[in-house]
There are 2 protein chains.
Amino acid sequence: MVHGDHGAALPEAFPDKLSTSALAQCAATGRALTTLRREVLAIFAGAPRPLKAYEIVERLSTPSRRVSPISVYRSLDFLIEIGIVHRLATQNAFVARDRDRAQDETLVFMICQCCGDVDEAVLPGMTRSLAATADAHGFRSRGHSIELQGECEDCRSALANPNRRG
Amino acid sequence: MVHGDHGAALPEAFPDKLSTSALAQCAATGRALTTLRREVLAIFAGAPRPLKAYEIVERLSTPSRRVSPISVYRSLDFLIEIGIVHRLATQNAFVARDRDRAQDETLVFMICQCCGDVDEAVLPGMTRSLAATADAHGFRSRGHSIELQGECEDCRSALANPNRRG
DNA sequence: TTCAATTGTGTTACAGTATAACATTACAAC
DNA sequence: GTTGTAATGTTATACTGTAACACAATTGAA
Ligand SMILES: [Zn+2]
Ligand SMILES: [Zn+2]
Ligand SMILES: [Zn+2]
Ligand SMILES: [Zn+2]
């Protein structure tokens, strides 16, 4: 983070939507939204930015309860499987999003190198475009990771105008 | 790798093209293609598949010469900067490609989960499409990572037809 | 020539990320 | 109750990447 902590984000009505999505997915797939998994999800709900696995470990651990990294990774894997959490491969970090993923939605993550914020987008044409490309190469695609690095709007205006009142 | 080691790849005339590209980039940017960097590049030249950083460490090390991970990472960073090597974020691995990258070419990597092979493609529309998306979100993109996971053609036909002569 | 300044490497140690292997619990089905 | 499955606990370890500082080589002045 190069300059101040502008760029707050949306920690509000987040939890409910996430949990709702998660429960729906669990019901659909016959798996359980256990305590641990809910706890992990709750941490995401309150987090405006991507979380590192070991941050989650820390936040879940107390003097009387040491949560192990592998437990967290297992919960993350689960939440990724049901489509609630996404791994940001370029950051070794994770975000929770509750888009009602219509089968093939191609998510693009835009990651601000300055403040760490992550925004996401769905490119309508992208899914077809990627599928066509894969096809042309005889490749059967089963998943993808699309991440942009750069600067978010807030950070750009902050850089252009470091102190608000000249 | 689930089944046999089909899917050989192109280790042939590779080295020269890579080195040529690298030298050109160095000349253009006033940096040096040192011995270590050339050695790393040479390992890529002979490798049909992505390399892990510590694989390179091993291959460069001998009883009398222990190359340290950080030296390898530094060389990798350099080769990435000049555009010869790409990091596959989802694999923690690296590939060398010598595409004469016209400024904005948007590379898409297709990574076979079965044999580990990596193919690449350039989507003509992609660069504009991503730029438009970023714009719409006020995001200034400075780099990206686009990776597909799936199965390559060879692996699919091998799976469909495990033993070649029924 | 000697003196920076820059670039690249060596060396050591360490931080950060992720998983293996096996024991244990919880719960449902038979 | 026993069996099977899903999930978690526990311990240890493997894998990935970097910090910090010393050293060497190059270049371009003073
Ligand atoms: Zn910022
Ligand atoms: Zn920002
Ligand atoms: Zn295969
Ligand atoms: Zn394959």
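Fair warning: this is a prediction, and the values are worked out from it, not measured in the lab. (Residues numbered from 1 in each chain as written. Chains lettered and ligands numbered in written order. Predicted model: local features only at pLDDT ≥ 70, side-chain atom pairs only at ≥ 80, totals over all residues. Heavy atoms only, no water.)

Peer 1: Mind showing me how you'd approach the relation of the copies chain A and chain B here?
Peer 2: Copy one and copy two of the chain differ by a rotation about a common axis and a shift along it. The two copies are related by a screw motion: chain A maps onto chain B through a turn of 180° and a shift of 0.0 Å along the axis, at an RMSD of 0.1 Å. On the angle and the small slide along the axis, the relation comes out as a two-fold axis. It is I146 of chain A whose C-alpha, among those of chain A, lies nearest the rotation axis, at 2.3 Å. Interface overlap between copies: 100% of the residues of chain A at the interface are likewise at the interface in chain B, consistent with a symmetric, same-surface contact. (Least-squares fit on C-alpha atoms with pLDDT ≥ 70 in both. Contact = heavy atoms within 4.5 Å.)

Peer 1: Please clarify how the domain arrangement of chain A should be interpreted in this entry.
Peer 2: Bring the parts together and some accessible area is lost; that lost area is often taken as the interface size. Residues and elements named next belong to chain A. Considered domain by domain, chain A is made up of domain 1 (1-99) and domain 2 (101-166). The interface is formed by 24 residues belonging to domain 1 together with 21 residues belonging to domain 2. Summed over both partners, the interface of domain 1 with domain 2 buries about 1,800 Å², with 53% contributed by carbon and sulfur atoms. At the boundary of domain 1 with domain 2, the tally comes to two salt bridges. Across the pair R97 and E120 runs a salt bridge, and its minimum N-O distance is 3.2 Å. For the interface between domain 1 and domain 2, the tally reads six residue pairs in polar contact (both at pLDDT 80 or more). For the side of domain 1 that touches domain 2, the leading source of residues is strand β1 (residues 85-88), giving three residues. Partitioned by chemical class, the residues of the side of domain 1 that touches domain 2 number 11 nonpolar, nine polar and four charged. (Domains from an automatic or database assignment. Buried area = accessible area lost by both parts, 1.4 Å probe. Salt bridge = Lys/Arg side-chain N within 4 Å of Asp/Glu carboxyl O. Polar contact = N/O pair within 3.5 Å; in protein donor to acceptor, adjacent residues only side chain to side chain. Helix = DSSP H or I, 4+ residues; strand = E, 2+ residues; numbered from the N terminus. Nonpolar A, V, L, I, M, F, W, Y, C, P; charged D, E, K, R; others polar.)

Peer 1: Just to check I follow, could you spell out the packing of helix α3 (residues 53-60) of chain B against helix α4 (residues 69-81) of chain B for this structure?
Peer 2: Packed helix pairs are characterised by how far apart their axes lie and by the angle those axes make with each other. All names here are of chain B. Packing of α3 against α4 brings their axes to within 9 Å, and their N-to-C directions diverge by 115°. Taken together, the axes of α3 and α4 are roughly perpendicular relative to one another. Seen from above, α3 lies across α4 with right-handed handedness. Taken together, the residues of α4 that come into contact with α3 (itself represented by A53, Y54, I56, V57 and L60) are P69, V72, Y73 and L76. Within the contact of α3 with α4, the residues separate by chemical class into nine nonpolar, no polar and no charged. (Axes fitted to C-alpha atoms, helices over the stretch in contact; angles between N-to-C directions. Parallel < 35°, antiparallel > 145°, perpendicular 65-115°, else oblique. Left-handed = near helix turned anticlockwise from the far one by under 90°.)

Peer 1: Where do I start with the coordination of the zinc ion (ligand 4) in this structure?
Peer 2: Reference values for angles at a metal are 109.5 degrees in the four-donor tetrahedral case and 90 or 180 degrees in the six-donor octahedral case. Residue and element names in this part refer to chain B. Every protein donor of the zinc ion (ligand 4) is accounted for by C112 (SG), C115 (SG), C152 (SG) and C155 (SG), and the metal-donor separations fall at 2.3 to 2.4 Å. One can describe the donor arrangement at the zinc ion (ligand 4) as tetrahedral, given that its four donor atoms subtend angles of 106 to 113° at the metal. In the primary structure, the donors to the zinc ion (ligand 4) are separated according to the pattern C-x2-C-x36-C-x2-C. Between the zinc ion (ligand 4) and the zinc ion (ligand 3), a spacing of 4.2 Å is present, and a bridge between the two is formed by C155. Within this pair, whereas C112 is found in strand β3 (residues 107-112), its partner C155 is found in helix α6 (residues 153-160), the two being separated by 43 residues in sequence. Under the relative-accessibility criterion, C155 is labelled buried at 0%. (Donors = N, O, S within 2.8 Å, 3.2 Å for Na, K, Ca; no water. Tetrahedral: all angles 85-135°; square planar, octahedral: opposite > 155°, others 65-115°. Buried < 20%, exposed > 50% of the residue type's maximum accessible area, 1.4 Å probe, protein only.)

Peer 1: Explain the environment of F94 of chain A to me, please; I cannot follow it from the model alone.
Peer 2: Residues and elements named next belong to chain A. Relative to the helices and strands, F94 is located in strand β2 (residues 93-96). In sequence terms F94 and A53 are 41 residues apart; their C-alpha atoms lie 7.5 Å from each other. Contact partners of F94, with chain neighbours within four places excluded, come to F44, P50, L51, A53, Y73, L76, I80, V85, H86 and R87.

Peer 1: Would you mind showing me how to read the pattern of salt bridges here?
Peer 2: One side chain can pair with another of opposite charge once the charged atoms of both are near each other. Following the criterion strictly, the structure yields 12 salt bridges over all chains and no others. Measuring nitrogen to oxygen at the nearest pair gives 2.8 Å for the salt bridge that ties E39 of chain A to R65 of chain A. You can see E39 of chain A sitting in helix α2 (residues 35-45) and its partner R65 of chain A sitting in the loop between α3 (53-60) and α4 (69-81), a full 26 residues away along the chain. The class for R65 of chain A is partly exposed, based on a relative accessible area of 32%. The closest approach of N and O atoms between E151 of chain B and R142 of chain A, which form a salt bridge, is 2.7 Å. Within this pair, whereas E151 of chain B is found in strand β5 (residues 140-151), its partner R142 of chain A is found in strand β5 (residues 140-151), the two belonging to separate chains.

Peer 1: Looking at this structure, I do not really get the protein's contact with DNA strand C. What am I missing?
Peer 2: Taken together, 15 residues sit near DNA strand C, with K52, Y73 and R87 of chain A together with T34 and R74 of chain B positioned nearest. Close to the protein, within 4 Å, the atoms of DNA strand C belong to sugar or phosphate groups at a rate of 46%. Between a base nitrogen of DNA strand C and a side-chain N or O atom of Y54 of chain A, the distance comes to 2.9 Å. Within the side chain of R31 of chain B, a nitrogen or oxygen atom sits 3.3 Å from a phosphate oxygen of DNA strand C. Listing elements by their share of the surface near DNA strand C, those giving two or more residues are α4 of chain A together with α2 (35-45) and α4 of chain B. (Near = heavy atom within 4 Å.)

Peer 1: Hey, could you run me through the protein's contact with DNA strand D in this one?
Peer 2: Around DNA strand D, the surrounding shell holds 15 residues, and the nearest of these are T34 and R74 of chain A together with K52, Y54 and R87 of chain B. Sugar plus phosphate, as a fraction of atoms of DNA strand D within 4 Å of the protein: 44%. Between K52 of chain B and DNA strand D, the recorded distance is 2.7 Å, taken from a side-chain N or O atom to a phosphate oxygen. Within the side chain of Y54 of chain B, an N or O atom sits 2.9 Å from a base nitrogen of DNA strand D. The leading source of residues in the surface near DNA strand D is α4 of chain A, at three residues. Its residues assigned to classes, the surface near DNA strand D comprises six nonpolar, four polar and five charged.

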